[in-house]
Amino acid sequence: MSTTVFVAGATGNLGSKIVTELVDRGATVRVLVREGKADGGDALRHLVSTGVVDVVIGDLSDDVAILAGHLEGVDVVVSAVQGGPDVIVDGQTNLLRAAEAAGVTRMIPSDFSADLHRLDYGDNLFLDMRKKADEAFAGSTVKPTFVLNGGFMEVMLAPFMGIVDLEHGTFSYWGDGEQALDFTSIPDTAAYAAAAALDESAADRTVSVAGSVLTMTQLHAEVEQATGRTLEIRELGTVDDLRAEIERRKQTATNPYEFVSLQYQWAMVTGKAKLQNLNNADYPDITPTTVAEFLATR
Ligand SMILES: NC(=O)c1ccc[n+]([C@@H]2O[C@H](COP(=O)([O-])OP(=O)(O)OC[C@H]3O[C@@H](n4cnc5c(N)ncnc54)[C@H](OP(=O)(O)O)[C@@H]3O)[C@@H](O)[C@H]2O)c1
């Protein structure tokens, strides 16, 4: 009998790709979609309209008993939700309580980041929420699998991150440029998440994966090679300077996006959230895209 997986956040960027991977791997997939996206929305409409996935309408803020009803017969819960503390902490804890009530034995929470468990509270506002949600697994009958992938290539190399700036011909980074950093594409993260969901031996542990592990110096060389451009290196300061810049921005920020991308960079360039032991080899059917391959397709 195939494994039944319940996916929350299924209409999202990562979640919809996890759903497709699960279907491709022969799982029975039930998705939670919110009112207004009963047809699966843009990302999932094709799988919903063809009946490939079962749909339940709801929200992580629903009563635990209602969520537990949706989870009847489910083996594994995968959460790929995004949001504030109401979703990441309260909503995911609600979902965990519902999974316990329904007798589900495994869950992947919406972490999908650098190694948040090596960070301290205060290091990263958004990862603090995920650390808090993960604490709820202590003593639970539901065993977690924490899927960690470093930074999404699509995010780390995007202009808003401030590292690669093709318009101005610059490559900017904090730190000494020699710290190894983990990068994984979004489709590969989805593939590993689906594989881990279907892997009973992944219960109660971390699955760390990366498509490439590169220093900023190596990343600069790969971006130059892929674009055929010379990018002037801008050393922005030490990791302590970066921490000071984050604290400065926090004083005047009108929303967390004004400093959180720097907090993600700090977690990576200090090495504090470096993935420890990569589990790529546990899933040999997945050959993840490297940064060089990713750049070549852009
Ligand atoms: N490592 C990295 O570099 C990196 C970068 C980006 C994201 N991530 C992580 O990847 C994960 C997924 O992010 P994403 O970008 O794929 O998110 P996304 O595209 O914004 O999708 C979020 C999903 O959560 C659902 N959702 C939000 N609130 C909900 C609620 N109360 N009840 C039920 N569903 C709810 C949304 O439903 P609707 O469609 O109805 O809104 C949507 O399906 C997050 O943990 C995020 O932090 C990691």
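Data block above holds the structure.
Structural notes, computed from the coordinates. A quick note: this is a predicted structure, and the numbers were derived from the prediction, not measured.

Calculation rules
- All residue numbers here refer to positions counted from 1 along the written sequence of the relevant chain.
- The model is predicted, so local features are restricted to residues of pLDDT at least 70 and side-chain atom pairs to those at 80 or more, both for listing and for counting; the totals for chains, interfaces and linings are taken over all residues.
- Heavy atoms throughout the structure, all of them, feed into the side-chain values; hydrogens and water do not.
- Note on definitions: salt bridges are taken to be side-chain nitrogens of Lys or Arg within 4 Å of carboxyl oxygens of Asp or Glu.
- Strands are runs of DSSP state E lasting at least 2 residues, helices are runs of H or I lasting at least 4, and numbering of each runs from the N terminus.
- Only protein chains enter the accessibility calculation, which uses a 1.4 Å probe. A residue is then buried if its area is under 20% of the maximum for its type, exposed if over 50%, and partly exposed in between.
- Between rings of Phe, Tyr and Trp, where Trp is taken as its six-membered ring, a pair exists when centres lie within 6.5 Å; planes separated by under 30 degrees are stacked, by over 60 edge-to-face, and by other angles tilted.
- Definition used: whenever NZ (Lys) or CZ (Arg) falls within 6 Å of the ring centre and also within 35 degrees of the ring normal, the charge is taken to sit over that ring.

**Observations regarding the pattern of salt bridges**
Here comes step 1: Going through the model one piece at a time under the given rule, you end up with 16 salt bridges.
Here comes step 2: Note that Asp59 is salt-bridged to Arg34, the shortest N-O span being 3.7 Å. Remark: Arg34 occurs in the loop between β2 (28-33) and α2 (41-49) and Asp59 occurs in the loop between β3 (54-57) and α3 (64-70); sequence separation between them is 25 residues.
Here comes step 3: What makes Asp59 partly exposed here is its relative accessible area of 25%.
Here comes step 4: Arg45 serves as the salt-bridge partner of Asp42, at 3.2 Å between the closest nitrogen and oxygen. Of the two residues, Asp42 and Arg45 both sit in helix α2, 3 residues apart, roughly one turn of that helix.

**Some remarks on the packing of aromatic side chains**
A ring pair, where both rings are aromatic, is described by two values, the distance of the centres and the angle of the planes.
Here comes step 1: Inspection of every chain in the model, using the stated rule, returns 4 aromatic pairs.
Here comes step 2: Relative to Tyr173, the ring of Phe171 lies with its centre 6.1 Å away and its plane at 65 degrees, an arrangement referred to as edge-to-face.
Here comes step 3: Residue Phe171 is classed as buried on the basis of its relative accessible area, which comes to 0%.
Here comes step 4: Taking relative accessible area as the criterion, Tyr173 reaches 3% and is therefore assigned buried.
Here comes step 5: Ring plane angle 70 degrees and centroid distance 6.3 Å describe the contact between Tyr192 and Tyr283, whose orientation is recorded as edge-to-face. With a gap of 91 residues between them, Tyr192 in helix α7 (residues 186-197) and Tyr283 in the loop between α10 (260-269) and α11 (291-296) connect regions that are remote in the sequence. Each of the two residues, Tyr192 as well as Tyr283, counts as buried.
Here comes step 6: Here the basic side chain of Arg243 rests over the ring of Trp266, its NZ or CZ set 4.4 Å away from the ring centre.
Here comes step 7: One Lys or Arg, Lys250, reaches over the ring of Phe259 and ends 6.0 Å from the middle of that ring.

Geometric descriptors of this kind do not, in isolation, establish any biological role.
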